[in-house]
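One-letter residues, chain by chain:
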Amino acid sequence: MQEKLSTAVDGVSRRSVLTGGVAVGVGTIAGCLGETGESGDENQETDDGDQRGDVGSDVSDETSALATEMVDAIDGDLSVAEWHLHDMFVPQYTDSTGVDGDIRILGDAYADIVDQGFDRQSMPTALDEDGITDFMVFLEPEWATAYLDGDWTKEEYYAEIKASQH
């Protein structure tokens, strides 16, 4: 199946490859996200070197595409190493400038996809140079909606994200 997918992606846009790839993938994620009992191809590289995320079988194509959109939006500043989308969206990234700098990038990208209908909690995770978790923050759809609706200022939205750091 992977060979057929790799052959089929020649000449197709990066977004189409990522969207199609994440729709095909099913998998498990352990720890705080629990296990689904199914497994699939995790973090397979496409022909152009981009990584797909690990997407649960219960995730719609639209939700998967929005997660991919956020990955694309943050990847220029915060290099996304891998990501998982099951009950929660967990992008893992390097190149952190610290929680204050990262929040601006993550918060804006997350608000963008929530505005388009994304409804899952996110836990962006900064990895240090050894690939070990440095810190995590939570992003809640309700927070992004409060910001987008004008109930919160950008500073209040960012402060809520910062307060979730662990």
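Up top you'll find the structure we're talking about.
Peer 1: I would appreciate a short explanation of the overall build of the protein in the present structure.
Peer 2: Across its full length, the protein holds six helices and five strands. What you see in the protein, going N to C, is helices and strands ordered as α-α-β-α-β-β-α-β-β-α-α. Buried positions account for 42% of the 166 residues belonging to the protein.

Peer 1: I tried to follow the pattern of salt bridges on my own but got confused; where do I start?
Peer 2: Oppositely charged side chains can form a pair if their charged atoms are brought close together. Under the criterion given, the structure shown has two salt bridges. In this structure, Lys-162 and Asp-100 form a salt bridge, with 2.8 Å as the shortest nitrogen-oxygen distance. Of this pair, Lys-162 sits in helix H6 (residues 154-163) while Asp-100 sits in helix H4 (residues 99-115); the two residues are 62 residues apart in sequence, bridging distant segments of the chain. Classification of Lys-162 by relative accessible area gives partly exposed; the value is 39%.

Peer 1: Explain helix H5 (residues 141-148) here, please?
Peer 2: Residues lying three or four places apart along an α-helix face the same way, a consequence of the helix completing one turn every 3.6 residues. Here H5 has its buried residues at Pro-141, Trp-143, Ala-144, Ala-146 and Tyr-147. Elements in contact with the buried residues of H5: H4 and H6. Looking one or two residues past H5, Gly-150 carries a phi angle of roughly 85 degrees, positive in sign.

Peer 1: Explain the packing of H5 against H6 to me, please; I cannot follow it from the model alone.
Peer 2: In a pair of packed helices, the angle between the axes and the distance between the axes together describe the arrangement. Relative to each other, H5 and H6 sit at 170 degrees, their axes nearing to 9 Å. For the element pair H5 / H6, the angle class is roughly antiparallel. On H6, the residues that touch Trp-143, Ala-144 and Tyr-147 of H5 are Lys-154, Tyr-157, Glu-160 and Ile-161.

Peer 1: Would you mind going over the side chain of Asp-54 with me for this structure?
Peer 2: Mapped onto the elements, Asp-54 comes out in strand E1 (residues 54-55). In terms of polar contacts, Asp-54 uses its side chain to reach the side chain of His-84, at 3.2 Å.

Peer 1: So what exactly am I meant to see when it comes to the sheet that holds strand E2 (residues 80-85) here?
Peer 2: Pairing between the strands of a sheet comes from backbone hydrogen bonds, and it takes one of two forms, parallel or antiparallel. Spatial ordering of the open sheet is given by E1-E2-E3-E4-E5, a layout of five strands whose pairing is mixed. Edge strands, defined here as strands with exactly one partner in the open sheet, are E1 and strand E5 (133-136). Strand direction decides the pairing type here: strand E3 (residues 89-93) and strand E4 (residues 125-127), joined by two bridges, are parallel. If you follow Gln-92 over to E4, its bridge partner there is Thr-125. Across the face of the sheet, helix H3 (residues 61-75) comes into contact with E1, E2 and E3 while running at roughly 160 degrees to E2.

Peer 1: I tried to follow unusual backbone geometry on my own but got confused; where do I start?
Peer 2: When glycine is set aside, most residues are seen to have a negative phi, and most peptide bonds are trans. Its identity as a non-glycine residue notwithstanding, Asp-95 has a phi of 65 degrees, on the positive side. The topology assignment puts Asp-95 in the loop between E3 and H4.

Peer 1: When you look at the packing of aromatic side chains in this model, what are you seeing that I'm missing?
Peer 2: Centre-to-centre distance and the angle between the planes together describe a pair of aromatic rings. Taken as a whole, this structure holds five aromatic pairs when the rule is applied. When the centroid spacing of 6.2 Å and the interplanar angle of 80 degrees are considered together, the rings of Tyr-110 and Phe-118 count as edge-to-face. Take Tyr-110 and Phe-118: they sit in the same class, and that class is buried. Grouping aromatic residues by their ring pairs yields a cluster made of Trp-83, Phe-89, Tyr-110 and Phe-118.

Peer 1: Just to check I follow, could you spell out the pairing of E5 for this structure?
Peer 2: Consecutive side chains along a regular strand alternate between the two faces of the sheet. Pairing of E4 with E5 involves three bridges; the strand directions are antiparallel. When the bridges of E5 are listed, Ala-126 appears paired with Phe-135. Following E4, the chain reverses through five residues before pairing antiparallel with E5; Gly-131 in that reversal takes a positive phi of roughly 80 degrees.

Here is what the cut-offs are and how they apply
Residues numbered from 1 in each chain as written. Predicted model: local features only at pLDDT ≥ 70, side-chain atom pairs only at ≥ 80, totals over all residues. Heavy atoms only, no water. Helix = DSSP H or I, 4+ residues; strand = E, 2+ residues; numbered from the N terminus. Buried < 20%, exposed > 50% of the residue type's maximum accessible area, 1.4 Å probe, protein only. Salt bridge = Lys/Arg side-chain N within 4 Å of Asp/Glu carboxyl O. Contact = heavy atoms within 4.5 Å. Axes fitted to C-alpha atoms, helices over the stretch in contact; angles between N-to-C directions. Parallel < 35°, antiparallel > 145°, perpendicular 65-115°, else oblique. Polar contact = N/O pair within 3.5 Å; in protein donor to acceptor, adjacent residues only side chain to side chain. Pairing = 2+ DSSP bridges. Phe/Tyr/Trp six-rings, centres within 6.5 Å; stacked < 30°, edge-to-face > 60°.

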